[in-house]
Amino acid sequence: MEHLPYRLAEDFDRDLGDPRDAAGSFSFARCLEFDEKEEFPDEICRGLEKWGLSSYYVPTRHGGRLSDYEQLLQLMRSVARRDLTVAVGHGKTYLGAVCAWVAGEPGQARRVGEAVMSGVPVSLALTERAHGSDLLAGEVQGHPAGDGRGGRIVSGEKWLINNATRGEMLSVLTRTDPGGGPRGFSMLLVDKRKLAEGTYRHLPKVRTHGIRGADISGIVLDGAHVPDEALIGTEGGGIETVLKALQLTRTMCAALSLGAADHGLSLAADFVEERELYGRRLVELPQARRVLAEAAADVLLHEALAVVASRAVHTLTGELSLTAAVTKYLLPSGTEDVLAALTRLLGARAFLKGVHAGGMFQKVERDHRIVGLFDGNTLVNLNSLVSQFRSLARCYRRGTGDAAGASAAYDLSVPLPEMDPAALSLVARRGSGVLATLQDSAAELARQAAENPARAEAAAAAERLLAVAGRLHNDMAEAPQPVGDVPPAAFETARRYTLCYAAAAVL
Ligand SMILES: Cc1cc2nc3c(=O)[nH]c(=O)nc-3n(C[C@H](O)[C@H](O)[C@H](O)COP(=O)(O)OP(=O)(O)OC[C@H]3O[C@@H](n4cnc5c(N)ncnc54)[C@H](O)[C@@H]3O)c2cc1C
């Protein structure tokens, strides 16, 4: 494939060696071993460092090689296809550093970039034991030091943090106004290497059912002094910075789901080729072929959405609140469905250890469960769409939204502009450019169908989609504007929105 992001990923994959060669350093067999021992795959991560993967986490303007999020998507997908623990354990550094790309001043972002490229693991510490998704309830304090030293004193516990122990730097969401509220939190970059002894300690690794080797632990900060330069962005701007940074990370989570699906599909395809029943191979049974074909079609749909979403980071930056929520909902939940269907296809072989492909399939399925949970779970993502319903419906009727940006995301031959973090926005003010292209895409397909009957079925499907999208936006316009609790029906409407969005992107 000549498209650069795919070619880069192919070269990367080849450099990592054949994963089926058990003796290779990043082989499926090695990954299973680390998983069995619940051990962090350190030596594999060192290999990724050597290749230079970390430089793709750092934007070019800060000295790295990240100029195209589609490239990062395909690189991380290649890692995830081999092993999700490695992808989550290594890729976490991108999540740890991203607040500096979004809101950091240039000198700070460059320093973080240098650290990342020299192999320093960075983590992102938002969650607290008692508060989960409820970031505004966070209790970790970041008070002014007030003793002539300047800087801040950080105290409190962050728990369930990926790489809290291994990470040398952490972006920590802290409460800087005791009253809290949307402007009551600030992001601080805590460099553990510079903290005074006794002002922090790690919490033990939490054992998990999936990504067993990952460092899922926590940290207690106890009067840790950080200098003024630790502040990322503005005082009180922490929640806004996090919400914008999550738009990027949630979009990039697509790589984890795609990689897991690729791996699951390949294990299932091998199985139906090898397994003989009733005097023929399983692949010859129509029902088995159907399950596999449907799973493959779903993965192609996910891939199309993910490619558009990763390009939209550059071309539709102001609408990323939508793209990220749609992608972070659809890819993890859709991939869970794909893996569930393949589990039924593999039957006992999905359940047994060491019989088919070393029992790898159950690891893929187990590991992937985390993708829908962290970085904003499924319901949190749907919820974020509900709050924009009224304005999205209004904009859809008016035909606004950045249709040109959407078209640039669809056309792989269009070079991507540099991503501008200043264009990130908490809401899509002019609606969705992707949905604004729906009418024209359907009309174009109808025009093609008039000349080519082979397109008639697709054109008819596009017509139906237009009708569905119209009804959906009517429902969104009429949905009660939630002041507090979101009614269950609104989540279902948001789910339908994600499907229409993906369909428009695919069309
Ligand atoms: C392996 C692992 C790694 C992690 N790594 C990190 C990390 O590196 N950094 C970090 O900061 N955090 C990390 N986390 C924490 C993770 O992001 C949180 O677990 C997640 O945000 C959700 O919190 P919770 O699971 O405690 O669920 P809760 O927030 O307690 O929610 C429980 C349930 O309530 C429902 N719910 C929640 N919110 C809503 C809503 N708005 N509307 C409707 N229903 C809702 C959902 O069903 C949800 O599952 C990690 C967690 C795990 C398991």
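Treat the numbers as computed from the prediction; the structure is a model and nothing was measured.

**Some words on the nonpolar core**
What tends to happen in soluble globular proteins is that the nonpolar side chains get buried as a cluster. By size, the foremost hydrophobic cluster in this structure holds 138 residues, and its most contacted members are Tyr69, Leu72, Tyr94, Trp101, Leu248, Leu342 and Tyr497. Discounting residues that sit within four places of it in the chain, Trp101 has contacts with Tyr57, Val58, Pro59, His62, Tyr94, Ala109, Val112, Gly113 and Pro421. Ile161, Val190, Ile219 and Ala224 belong to the second largest nonpolar core, which has 16 residues in total.

**Here we look at the site of the ligand**
Residues in contact with the ligand amount to 20 residues; listed here are only the nearest, Lys92, Leu124, Thr127, Ser133 and Leu160. Between the ligand and the protein, one listed contact pairs an oxygen atom with a side-chain N or O atom of Ser133 at 2.5 Å. Coverage of the ligand by the protein chains reaches 66% of its 970 Å² of free accessible surface. A per-class count over the shell around the ligand returns twelve nonpolar, six polar and two charged. Counting only domains with at least three residues in the shell around the ligand, you end up with domain 2 (123-236) and domain 3 (253-506).

**Examining the packing of helix H7 (residues 238-252) against helix H10 (residues 320-346)**
For the pair H7 and H10, the least separation of the axes is 8 Å and the interaxial angle reads 35 degrees. Read as a crossing pair, H7 and H10 show a hand that is left-handed. Of the residues in H10, those in contact with Gln247, Leu248, Arg250 and Thr251 of H7 are Leu320, Ser321, Ala324, Thr327 and Lys328.

**So, the pattern of salt bridges**
Applying the stated criterion across every chain, the model contains 37 salt bridges. The partner of Asp270 in a salt bridge is Arg20, and the shortest N-O contact between them spans 3.2 Å. Residue Asp270 is located in helix H8 (residues 254-274), and its partner Arg20 is located in the loop between helix H1 (4-15) and helix H2 (28-37); the two are separated by 250 residues in the primary sequence. Across the salt bridge formed by Glu168 and Arg193, the nearest N and O atoms sit 3.6 Å from each other. With Glu168 in the loop between strand E3 (152-162) and strand E4 (169-175) and Arg193 in the loop between strand E5 (185-191) and strand E6 (200-203), this residue pair connects regions lying 25 residues apart in the sequence. Since its relative accessible area comes to 28%, Glu168 is described here as partly exposed.

**Digging into unusual backbone geometry**
A positive phi angle is found at Leu160, which is not glycine, with a value near 75 degrees. Relative to the helices and strands, Leu160 is located in strand E3. Within the chain, Asp375 stands out as a residue other than glycine whose phi angle is a positive 60 degrees. You can see Asp375 is positioned in the loop between helix H11 (360-368) and helix H12 (378-386).

**Brief notes about the domain arrangement of the chain**
It is common to give the size of an interface as the accessible area that goes away when the parts come together. The domains assigned to the chain are domain 1 (4-120), domain 2 (123-236) and domain 3 (253-506). One C-alpha centre belongs to domain 1, the other to domain 3; they are set 24 Å apart. Each partner contributes residues to the interface: domain 1 has 27 residues there, and domain 3 has 34 residues. Taken over both partners, the interface formed by domain 1 and domain 3 buries close to 2,500 Å², and the fraction arising from carbon and sulfur atoms is 58%. Here domain 1 is connected to domain 3 by ten salt bridges. A salt bridge links Arg81 to Asp262; its shortest N-O distance comes to 3.0 Å. At the boundary of domain 1 with domain 3, the tally comes to 14 residue pairs in polar contact (both at pLDDT 80 or more). Listing elements by their share of the side of domain 1 that touches domain 3, those giving two or more residues are H2, helix H4 (69-82) and helix H5 (84-103). With nine residues, the single largest contributor to the side of domain 1 that touches domain 3 is H4. Tallied by class, the residues present in the side of domain 1 that touches domain 3 amount to 14 nonpolar, three polar and ten charged.

**As for the pairing of E4**
E4 sits mainly inside the fold: seven of its seven residues count as buried. The pairing of strand E1 (residues 122-125) with E4 spans four bridges and is classified as parallel. Paired with Val122 across the bridge in E4 is Met169. Note that E4 and E5 share seven bridges and pair antiparallel.

Each value, and the rule that gives it
As a convention, each chain's residues are numbered from 1 in the sequence order in which they are written. Thresholds applied to this predicted model are a pLDDT of at least 70 for local features of residues and 80 or more for the giving and counting of side-chain atom pairs; totals over whole chains, interfaces and linings are not thresholded and use all residues. As a convention, hydrogens and water are excluded, and side-chain values are obtained from all of the structure's heavy atoms. Definition of nonpolar core: a set of buried residues of the types Ala, Val, Leu, Ile, Met, Phe, Trp, Tyr and Cys, connected through side-chain atoms within 4.5 Å. Per-residue accessibility, obtained with a 1.4 Å probe over protein chains only, is compared with the maximum for each type, and a residue is labelled buried under 20%, exposed over 50%, and partly exposed between these values. Contact between two residues is taken to exist if any of their heavy atoms lie within 4.5 Å; hydrogens are not considered. To be near a molecule or strand, a residue needs just one of its heavy atoms within 4 Å of it. Polar contacts, as used here, are pairs of N or O atoms within 3.5 Å; protein pairs need one atom able to donate a hydrogen and one able to accept it. Residues neighboring in sequence count only if both atoms are side-chain atoms. Note on areas: these come from Shrake-Rupley sampling with a 1.4 Å probe, and a residue is covered only by the protein chains present in the view. Put simply, Ala, Val, Leu, Ile, Met, Phe, Trp, Tyr, Cys and Pro go in the nonpolar bin, Asp, Glu, Lys and Arg in the charged bin, and everything else, Gly too, in the polar bin. As used throughout, domain bounds are those supplied by an automatic or database domain assignment. Only C-alpha atoms enter the line fits that serve as axes; for helices the fit covers just the stretch in contact. Angles between N-to-C directions range over 0 to 180 degrees. Labels follow the DSSP assignment, with helices taken as runs of H or I lasting at least four residues and strands as runs of E lasting at least two, numbered in each case from the N terminus. Handedness of a helix crossing follows the sense of rotation of the near helix relative to the far helix, less than a right angle counterclockwise being left-handed and clockwise being right-handed. Salt bridges are defined as contacts in which a side-chain nitrogen from Lys or Arg sits within 4 Å of a carboxyl oxygen from Asp or Glu. The term buried area denotes the loss of accessible surface (1.4 Å probe radius) that occurs when two parts are joined, taken as the sum for both partners. Here, strands pair whenever DSSP counts at least two bridges between them.

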